[in-house]
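# Coordinate inspection notes
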Amino acid sequence: MKRSLHLQLSLMMFLEFFMKGSWFVTLGTYLKSNLGASPLEVSSIFSTQSLGAVAAPFLIGFIADRFFNAERVMGVLHLIGAGLLLMMYRAENVAAIYPYVLLYFIAYMSTLALTSSVSFRNLSNPKKQYPLIRLFGTAGWMIAGFSISYVFHWDTKEAVASGALQNTFLLGAACSLALGLLCFLLPATPPLKKDQPFYWGDALGLQALKLLKQKSFLVFFITAIIICIPISFYYQHANPFLVATGLPNPTAKMALGQLSEILCLLLVPVLFARLGYKKMMLIGIGAWALRYLLFAYGNGQDLAFMLILGILLHGVCYDFMFVVGQIYTDTIAGKQYRSSAQGLVTVAMYGIGMLIGFWVAGFVSDALKAYEGTVYWRYIWLSPAAMAIGCMLIFLLLFKEQQDGATETAG
């Protein structure tokens, strides 16, 4: 039974990440090359992910926590997601695809919380068992990228021009269908707050707002929002850039970032004991600036190694900022505000920060559209590099390390 549960959860995690990785990585390229989307239209499509992140807590808090088993809600959402991906495949223009992407991300971002809930409530030792299960998610994302480049060859310049990336939505739909059916086979995970009232403020983590009275947490909170602005450039522009610059098998190359993420996750506990919160997060922010500088001056030919290095920095960029940030939030919030604080930071980063970031990326791209080729892409990447450097200086000067739980001083 125990082995069967681990296998089910591992397969669920694999399919969940494979599904998103199968179409989201190349979405920007498809929108620009095949649907003729303008920079601002691309931003509008990508911003649906942030809108989904804001809407998800309400859907989960009101429905999954109170009325239905988590695994059933998750199964229904993934089946709906399969239908929405199929509609994306059939959409012929930006206006037609937008509502399907928006509805998809409201459903998908909701399933992320449910995945964690089902896993943690059914594992006997979540802290020990969940990290290994989570690695299957990273593996799923990587294999999706390798499949697009090496199995289907959908991301070559010729294939992109012929519209082959449209097939990524079919691949995602098939995966979402399989995942939805699998969810109904997971252990029953009934609602925990069936008889409790629902408060909209709790869903957004607003109880934790009082933690912002502490200067260090306020600085971290603002920094977390600001750094998500340059981060959005990567999600929106990386794949189109790698295709345009002629890097072979770009989607598979981007999947190398997940490999570095695995390695960095293993290094975080070791380095954290030596460096602490501030230095770790400074390294993470600095890595974003370095990544964009490498993109700005690299190319897909003789300087391809600079692009590969920029991709491989993903583990440092993500884990040293986001994972360490989650640890910091957990420590500062204490038991009283733990869940609320994590919810608040998640909405701030993935909702507010990236929503602003996707639109900034769109406006910058639109302002630079008169330029062509190398010059255009260089300015595209120098813009978020400058933002990341500014963010790093703010954090360096204003953030002060704080080790004690803050619930005594917060309330």
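Residues numbered from 1 in each chain as written. Predicted model: local features only at pLDDT ≥ 70, side-chain atom pairs only at ≥ 80, totals over all residues. Heavy atoms only, no water.

## As for the overall build of the protein chain
Heads up, the condition is: In this text, helices come from DSSP runs of H or I with a minimum length of four residues, and strands from runs of E with a minimum of two, each type numbered from the N-terminal end. Here the radius of gyration uses the C-alpha set of atoms, whereas the globule reference equals 2.2 Å times the residue count to the power 0.38. We call two residues contacting when some pair of their heavy atoms lies within 4.5 Å. We get accessible surface area from the Shrake-Rupley algorithm with a probe of 1.4 Å; when it comes to residues, only the shown protein chains can shield them. Charge assignment in this entry is limited to Lys and Arg as positive and Asp and Glu as negative, and neither His nor the chain termini are counted. Throughout, a charge is located at the NZ atom of Lys, the CZ atom of Arg, the CG atom of Asp or the CD atom of Glu.
Looking only at helices and strands, the protein chain features 16 helices and zero strands. For a compact globule of 411 residues, the expected C-alpha radius of gyration is about 22 Å, and the protein chain comes in at 21 Å, within 12% of that figure. Expressed as lengths along the three principal axes of its C-alpha atoms, the size of the protein chain is roughly 55 × 50 × 35 Å. Within the protein chain, contacts between residues separated by at least 24 positions form 85% of all contacts whose residues are at least 6 apart in sequence. Summed over all atoms, the accessible surface of the protein chain reaches about 17,400 Å², with 67% contributed by carbon and sulfur. Here the protein chain carries 27 positive and 18 negative side-chain charges, and the mean point of each set is 8 Å from the other.

## With respect to the packing of aromatic side chains
How we decide: Between rings of Phe, Tyr and Trp, where Trp is taken as its six-membered ring, a pair exists when centres lie within 6.5 Å; planes separated by under 30 degrees are stacked, by over 60 edge-to-face, and by other angles tilted. Buried means the residue's accessible area, taken with a 1.4 Å probe over protein chains only, is under 20% of the maximum for its type, while exposed means over 50%, and partly exposed covers the values in between. We count a charge as sitting over a ring when the NZ of a lysine or the CZ of an arginine lies within 6 Å of the ring centre and within 35 degrees of the ring normal.
This model, assessed by the stated rule, comprises 36 aromatic pairs. Relative to phenylalanine 295, the ring of phenylalanine 241 lies with its centre 5.6 Å away and its plane at 35°, an arrangement referred to as tilted. Of the two residues, phenylalanine 241 is situated in helix α10 (residues 215-244) and phenylalanine 295 in helix α12 (residues 256-297); the sequence distance between them amounts to 54 residues. Residue class for phenylalanine 241 comes out buried when judged on its relative accessible area of 3%. On the basis of relative accessibility, which here comes to 1%, the residue phenylalanine 295 falls in the buried class. For the pair tyrosine 277 and tyrosine 328, a centre-to-centre distance of 5.1 Å together with 70° between the ring planes defines the contact as edge-to-face. Of this pair, tyrosine 277 sits in helix α12 while tyrosine 328 sits in helix α14 (residues 314-367); the two residues are 51 residues apart in sequence, bridging distant segments of the chain. Tyrosine 328 gets classed as buried once you look at its relative accessible area, which sits at 0%. Put simply, the rings of Trp23, Phe24, Tyr30, Phe46, Tyr104, Phe105, Tyr108, Phe169 and Phe358 touch in pairs and so form one group of aromatic residues. The lysine or arginine in question, lysine 20, covers the ring of phenylalanine 24, its NZ or CZ lying 4.6 Å from the ring centre.

## Here we look at the confidence of the model for the protein chain
Filter applied, for reference: By definition, pLDDT measures how confident the predictor is in each residue, and it falls between 0 and 100.
On average, residues of the protein chain score 89 in pLDDT, and 91% of them reach the 70 mark or higher. With pLDDT under 50 throughout, residues 404-411 is counted as low confidence; its partners more than four residues away or in other chains account for 18 contacts.

## Quick notes on empty space enclosed by the protein
For clarity, the cut-off: In the cavity and pocket records, a cavity denotes points on a 1 Å grid over the protein atoms alone where a 1.4 Å probe fits but cannot get out, a pocket denotes an open set with protein on both sides within 12 Å along at least 5 of 7 lines, and lining residues are residues with an atom within 4 Å of a point. Grid points are joined across faces, edges and corners, and a volume is the space filled by probe spheres set on the points. Residue classes follow a fixed rule: Ala, Val, Leu, Ile, Met, Phe, Trp, Tyr, Cys and Pro count as nonpolar, while Asp, Glu, Lys and Arg count as charged, and any other residue, Gly among them, counts as polar.
Counting across every chain of the model gives one cavity of 30 Å³ or more. Looking at the largest cavity, the residues that line it are Met19, Leu77, His78, Gly81, Tyr104, Ala107, Tyr108, Thr111 and Ser176. Only α4 (70-90) and α5 (94-122) provide two or more residues apiece to the lining of the largest cavity. The biggest single contributor to the lining of the largest cavity is α5, with four residues. A per-class count over the lining of the largest cavity returns five nonpolar, four polar and no charged.

## Considering the packing of α4 against α5
Going by this rule: Where helices are involved, their axes are fitted lines through C-alpha atoms of the stretch in contact, as for all axes, and angles between N-to-C directions lie from 0 to 180°. The labels follow the angle: roughly parallel below 35 degrees, roughly antiparallel above 145, roughly perpendicular from 65 to 115, and oblique for the rest. Throughout, a crossing is termed right-handed when the near helix is turned clockwise from the far one, and left-handed when it is turned anticlockwise from it by less than a right angle.
Two numbers describe how α4 lies on α5: the axes approach to 9 Å, and their chain directions differ by 155°. The orientation of α4 with respect to α5, classified from their angle, is roughly antiparallel. Of the two possible hands of crossing, α4 and α5 adopt the one that is left-handed. Listed contacts from α5 to Ala70, Glu71, Val73, Met74, Leu77, His78, Gly81, Leu84, Leu85, Met87 and Met88 of α4 are Ile97, Tyr100, Val101, Leu103, Tyr104, Ala107, Ser110, Thr111, Leu114, Thr115 and Val118.

## Observations concerning α4
Filter applied, for reference: Every helix has an expected span of 1.5 Å times one less than the residues it contains.
With 21 residues, α4 should cover 30 Å at 1.5 Å per step; its first-to-last C-alpha distance of 31 Å lies within 8% of that length. All of the buried residues in α4 are Ala70, Glu71, Val73, Met74, Gly75, Leu77, His78, Gly81, Ala82, Leu84, Leu85 and Met88.

## A closer look at α10
Keep this limit in mind: The angle between axes fitted to the seven residues ending at a residue and the seven residues starting there is what we call the bend at that residue.
Here α10 contains 30 residues, and its C-alpha end-to-end distance of 44 Å stays within 8% of the 44 Å for a straight helix at 1.5 Å per residue. At histidine 237, α10 shows its largest kink, close to 50°, and the proline proline 240 lies no more than four residues downstream. Downstream of α10 by a residue or two, glycine 246 has a phi angle that is positive, lying close to 85°.

## Details of the side chain of lysine 253
For lysine 253, the position within the fold is in helix α11 (residues 250-254). Apart from residues no more than four positions distant in its own chain, lysine 253 is found in contact with Tyr150, Leu247, Pro248, Ile308 and Ile311.

## Description of the state of the cysteines
This is how it is decided: Any two cysteine sulfur atoms within 2.5 Å of one another count as a disulfide.
Counted by the stated rule, this structure contains zero disulfides. Cysteine 175 supplies the cysteine sulfur nearest to cysteine 183, a cysteine that is in no disulfide, at a spacing of 11 Å. On the accessibility criterion, cysteine 183 (1% relative accessible area) is buried. Not part of a disulfide, cysteine 264 finds its nearest cysteine sulfur in cysteine 317, a span of 9.0 Å. What makes cysteine 264 buried here is its relative accessible area of 8%.

## Comments concerning the packing of α10 against helix α15 (residues 373-398)
Viewed as axis vectors pointing N to C, α10 and α15 meet at an angle of 165°, and their least axial separation amounts to 10 Å. For the element pair α10 / α15, the angle class is roughly antiparallel. The handedness of the crossing between α10 and α15 comes out as left-handed. Partitioning the contact of α10 with α15 into residue classes produces 22 nonpolar, three polar and one charged.

## What about the pattern of salt bridges?
We count it as follows: Throughout this description, the term salt bridge denotes a Lys or Arg side-chain nitrogen within 4 Å of a carboxyl oxygen of Asp or Glu.
Using the criterion set out here, one finds three salt bridges in the structure. Between arginine 134 and glutamate 261 there is a salt bridge, and its shortest N-O distance comes to 3.7 Å. With arginine 134 in helix α6 (residues 126-151) and glutamate 261 in helix α12, this residue pair connects regions lying 127 residues apart in the sequence. When its relative accessible area of 21% is taken as the criterion, arginine 134 is described as partly exposed. In this structure, aspartate 366 and lysine 369 form a salt bridge, with 3.1 Å as the shortest nitrogen-oxygen distance. For aspartate 366, a relative accessible area of 23% puts it in the partly exposed group.

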